[in-house]
Amino acid sequence: MTNLPGTLHTAHDGAWQVADHGCQVLAWQADGKPVIWFDAEHADESDAVIRGGVPLCAPWFGHGPNNDQDPQHGLARRTDFQGTVAEPFRVVGTAETASIGIRHEVVMTDTALEMTLTLTNHDEKPRVVEGMWHTYLRVGDADQARVRGVRGADWHNFATGDKGSFDADELVMAPDTDTVIQGIGPAPTLVDPVWGREIHLTTTNCPSAVIWNPRSSSGIGDNPTAQAWRDFVCVETGVCKDNAVPLDPDTDLVLTTTITVTRM
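Going along each chain's sequence as written, the residues are numbered from 1 onward. In keeping with the model being predicted, local features are shown solely for residues with a pLDDT of at least 70 and side-chain atom pairs are shown and tallied solely at 80 or more, while totals for entire chains, interfaces and linings include all residues. For side-chain calculations, the full set of non-hydrogen atoms in the structure is used, while hydrogens and water are omitted.

- Going by what an unreviewed UniProt entry lists, the protein is known as Aldose 1-epimerase and is assigned to Cutibacterium avidum ATCC 25577.

So, in structure tokens, the structure goes:
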């Protein structure tokens, strides 16, 4: 996918980017360093799916709360949104998928990346929806990274099958990390000691999180994402699985995530 599908909105000489395809954030920088991981040379994950950046998983996550939905991670990331741009750098994309209206608003400044996802049930019957930002966060070395703000939450590592609840307040990155967290607080933080910074994700209505990295105890895979495992950690925020939300007809679910960076 050397040429990304659809329109690409850019600012700051390409340091900020949002694609109309999936209304997907591809780049945002703070203090001169990228905060979002995206490899434009290997951007083709699968048919109509852009690898990296901040894919939207909606109106379901994975294969849905009952494991009976296709394609994986919903239709939003495969859909061309109708995007509008305003000042400051603000992109609003709208789309309709499976009778669920999707509105994604992205606002970028020098200090924050703000995202608001609104899902509206346009069906005549109640629907259960999920919405997650599959955010690839750039780090100096994922092997030394950790996620703070998880104490008391329940976790289930789908790579290993292990589950439990967090006694400590940090999740250390390790091979086979594909961990769904339920009941997480509104301010998880990715600690990046190599680059000496903390990436803060401040959320509303987002009790679910997924922490993922493609590093595997069985070795590194052939695809570019697996080979680049040291460069990013996915900290996904939103609602999924046990926290999927039932929506009555003509009602909304509104989620927000704001990303900021501080020096350690």
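### Things to note about the overall build of the protein
Here is step 1: We count a stretch as a helix when DSSP gives it H or I for four or more residues in a row; a strand needs E for two or more, and each element gets its number in order from the N terminus. A count of helices and strands for the protein gives one helix and 26 strands.
Here is step 2: Against the compact-globule benchmark of 18 Å for 264 residues, the protein has a radius of gyration of 17 Å, which places it among compact chains.
Here is step 3: Each residue is placed in one exposure class: buried if its accessible area under a 1.4 Å probe, protein chains only, is under 20% of its type's maximum, exposed if it is over 50%, and partly exposed if it falls in between. Burial analysis of the protein (264 residues in total) assigns 52% to the buried set.
Here is step 4: We get accessible surface area from the Shrake-Rupley algorithm with a probe of 1.4 Å; when it comes to residues, only the shown protein chains can shield them. Taken as a whole, the protein presents about 11,200 Å² of accessible surface, with 44% of it coming from carbon and sulfur. Computation of the radius of gyration draws on C-alpha atoms alone. For the globule rule, the value is 2.2 Å times the number of residues to the power 0.38.

### Topic: the packing of aromatic side chains
Here is step 1: Here a pair means two rings of Phe, Tyr or Trp (six-membered ring of Trp) with centres within 6.5 Å. Their orientation is stacked below 30 degrees between planes, edge-to-face above 60, and tilted elsewhere. Using the criterion set out here, one finds seven aromatic pairs in the structure.
Here is step 2: Ring plane angle 55 degrees and centroid distance 5.1 Å describe the contact between Y136 and F232, whose orientation is recorded as tilted. Within this pair, whereas Y136 is found in strand β15 (residues 136-138), its partner F232 is found in strand β24 (residues 232-239), the two being separated by 96 residues in sequence. The same class applies to Y136 as to F232, namely buried.
Here is step 3: Centre to centre, the rings of W155 and F166 are 6.1 Å apart; their planes meet at 40 degrees, and the pair counts as tilted. Residue W155 is found in strand β17 (residues 154-157), and its partner F166 is found in the loop between β18 (163-165) and β19 (170-172); the two are separated by eleven residues along the sequence.
Here is step 4: Taken together, W37, Y136, W212 and F232 form an aromatic cluster joined through their ring pairs.

### A short note on the pattern of salt bridges
Here is step 1: Salt bridges are defined by distance alone: a side-chain nitrogen of Lys or Arg within 4 Å of a carboxyl oxygen of Asp or Glu. Scanning the model with the defined rule gives eleven salt bridges in all.
Here is step 2: Residues R138 and D231 are paired through a salt bridge, measuring 3.7 Å at the closest nitrogen-oxygen approach. Residue R138 is located in strand β15, and its partner D231 is located in the loop between α1 (224-227) and β24; the two are separated by 93 residues in the primary sequence.
Here is step 3: On the accessibility criterion, D231 (27% relative accessible area) is partly exposed.
Here is step 4: Linking R230 and D141 is a salt bridge whose minimum nitrogen-to-oxygen distance equals 2.8 Å.

### Quick word on the layout of surface pockets
The gaps of empty space that remain are located by a probe, the size of a water molecule, rolled over the atoms.
Here is step 1: Cavities and pockets are defined on a 1 Å grid built over the protein atoms alone: a cavity is a set of grid points where a 1.4 Å probe fits but cannot escape, while a pocket is an open set with protein on both sides within 12 Å along at least five of seven lines, and lining residues are those with an atom within 4 Å of any such point. Grid points are joined across faces, edges and corners, and a volume is the space filled by probe spheres set on the points. For the largest pocket, the calculated volume is near 420 Å³.
Here is step 2: Lining the largest pocket are 21 residues, with F61, Q72, H73, H134 and D178 sitting closest to its centre.
Here is step 3: When residues of the lining of the largest pocket are traced back to their parent elements, those giving at least two are β20 (178-182) and β23 (208-212).
Here is step 4: Each residue gets one label: Ala, Val, Leu, Ile, Met, Phe, Trp, Tyr, Cys and Pro are nonpolar, Asp, Glu, Lys and Arg are charged, and the others, such as Gly, are polar. Its residues assigned to classes, the lining of the largest pocket comprises seven nonpolar, eight polar and six charged.
Here is step 5: One number sums up the size of the second largest pocket: a volume of about 160 Å³.
Here is step 6: What lines the second largest pocket is P59, W60, P65, N66, D68, Q69, I100, R127, V128 and V129.
Here is step 7: It is strand β13 (residues 127-129) that provides the largest number of residues to the lining of the second largest pocket, a total of three residues.
Here is step 8: Taken together, the residues that form the lining of the second largest pocket break down as six nonpolar, two polar and two charged.

### Here's the deal with the pairing of strand β3 (residues 24-27)
Here is step 1: A pair of strands counts as paired when DSSP detects no fewer than two bridges linking them. Pairing geometry for strand β2 (residues 16-19) and β3, over three bridges, is antiparallel. Each residue of the ladder has a partner; that of V18, found in β3, is V25.
Here is step 2: Counted between consecutive antiparallel strands, the loop separating β2 from β3 contains four residues, among which G22 sits at a positive phi close to 75 degrees.

### Looking at the side chain of T118
Here is step 1: Following the sequence through the fold, T118 ends up in strand β12 (residues 113-121).
Here is step 2: If we skip the residues at most four places from it in the chain, T118 touches G101, I102, R103, D252, L253 and V254. Note on contacts: a residue pair is in contact if any heavy atoms of the two residues lie within 4.5 Å.

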